[in-house]
Amino acid sequence: PGCDPLTGVEMRSTGEAGCISESFDQALLAVMEAAHIPIPKKGVLICSFSDGSHWGSMGTCDQLRNLEFPILASPQTVPALRKMGLNITEVEWSKQVDHASDLVRQGKVDLLIQIPDRENPGQVQMEKALRQLALSRQMPVITDIRKAIFFLRAIGRTRTEGLASQVIELSS
């Protein structure tokens, strides 16, 4: 916790966690909790300068409609998420107006999903500043689109299918 999740020239210590469960969703939620990324309660902030088309290309499913917390997103990402039928609140995030950082500072969200725009290197500093702000407030940050979708999907499925965690003793 506290390290920028994007690789850079400096080395950071890393940890690994593994969980076994009866379903992928249960195992994923358990491993995310072990990695100090709990299920959000206040809201999720999705910020990206890309057009958000990568969300739809990953086949995001209906379970995302069952989340019990608000999803807020940068203007570039909102159209793709709304096209999937999700109720999204648009949050201004630009060099001129930065409401995304305000939400983090005010503690109104408890998970940042920030998919870096590798095709627009001019935005790197702004992206890094938002990640650093979130990390300085002990807020989890996810920068991988697949991990973000699988995590949100698992949360949505637990809401609809009632997947309950259970501890299984491995030794006899």
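Bear in mind that the values here come from a model prediction, so they are computed numbers and not experimental data.

Asker: Whenever I open this one, the pairing of strand β1 (residues 44-47) confuses me. Can you help?
Answerer: Where a strand is regular, its side chains alternate between the two sheet faces. Burial of β1 is two-sided: the residues Val44 and Ile46 facing one way and the residues Leu45 and Cys47 facing the other way are all buried. Here 3 bridges tie β1 to strand β2 (residues 71-73), and the two strands are oriented parallel to one another. Residue pairing in the sheet places Val44 in a bridge with Ile71 of β2. Here 4 bridges tie β1 to strand β4 (residues 111-114), and the two strands are oriented parallel to one another. Note on β4: the bridge partner recorded for Val44 is Leu111.

Asker: Mind showing me how you'd approach the sheet that holds strand β5 (residues 141-142) here?
Answerer: Sheet strands pair by backbone hydrogen bonding; their relative direction is either parallel or antiparallel. Read across the sheet, 5 strands follow the order β3-β2-β1-β4-β5 without closing on themselves; strand pairing throughout is parallel. On the outer flanks of this sheet lie β3 (88-90) and β5, each paired with one strand and no other. Where β4 meets β5, 2 bridges bridge the pair, whose relative direction is parallel. Looking across to β5, one finds that Leu112 is bridged to Val141. Against the sheet, helix α5 (residues 124-136) engages β1, β4 and β5, with an angle of about 160° to β4.

Asker: How should I be thinking about the packing of aromatic side chains in this particular structure?
Answerer: What describes a pair of aromatic rings is the distance from one ring centre to the other and the angle between the planes of the rings. Per the stated rule, a full pass over the model turns up 1 aromatic pair. Plain terms: the ring middles of Phe24 and Phe150 are 5.7 Å apart, the flat faces sit at 80° to each other, and that makes the pair edge-to-face. With a gap of 126 residues between them, Phe24 in helix α1 (residues 24-34) and Phe150 in helix α6 (residues 145-161) connect regions that are remote in the sequence. A relative accessible area of 52% places Phe24 in the exposed class.

Conventions used here
Residues numbered from 1 in each chain as written. Predicted model: local features only at pLDDT ≥ 70, side-chain atom pairs only at ≥ 80, totals over all residues. Heavy atoms only, no water. Buried < 20%, exposed > 50% of the residue type's maximum accessible area, 1.4 Å probe, protein only. Helix = DSSP H or I, 4+ residues; strand = E, 2+ residues; numbered from the N terminus. Pairing = 2+ DSSP bridges. Contact = heavy atoms within 4.5 Å. Axes fitted to C-alpha atoms, helices over the stretch in contact; angles between N-to-C directions. Phe/Tyr/Trp six-rings, centres within 6.5 Å; stacked < 30°, edge-to-face > 60°.

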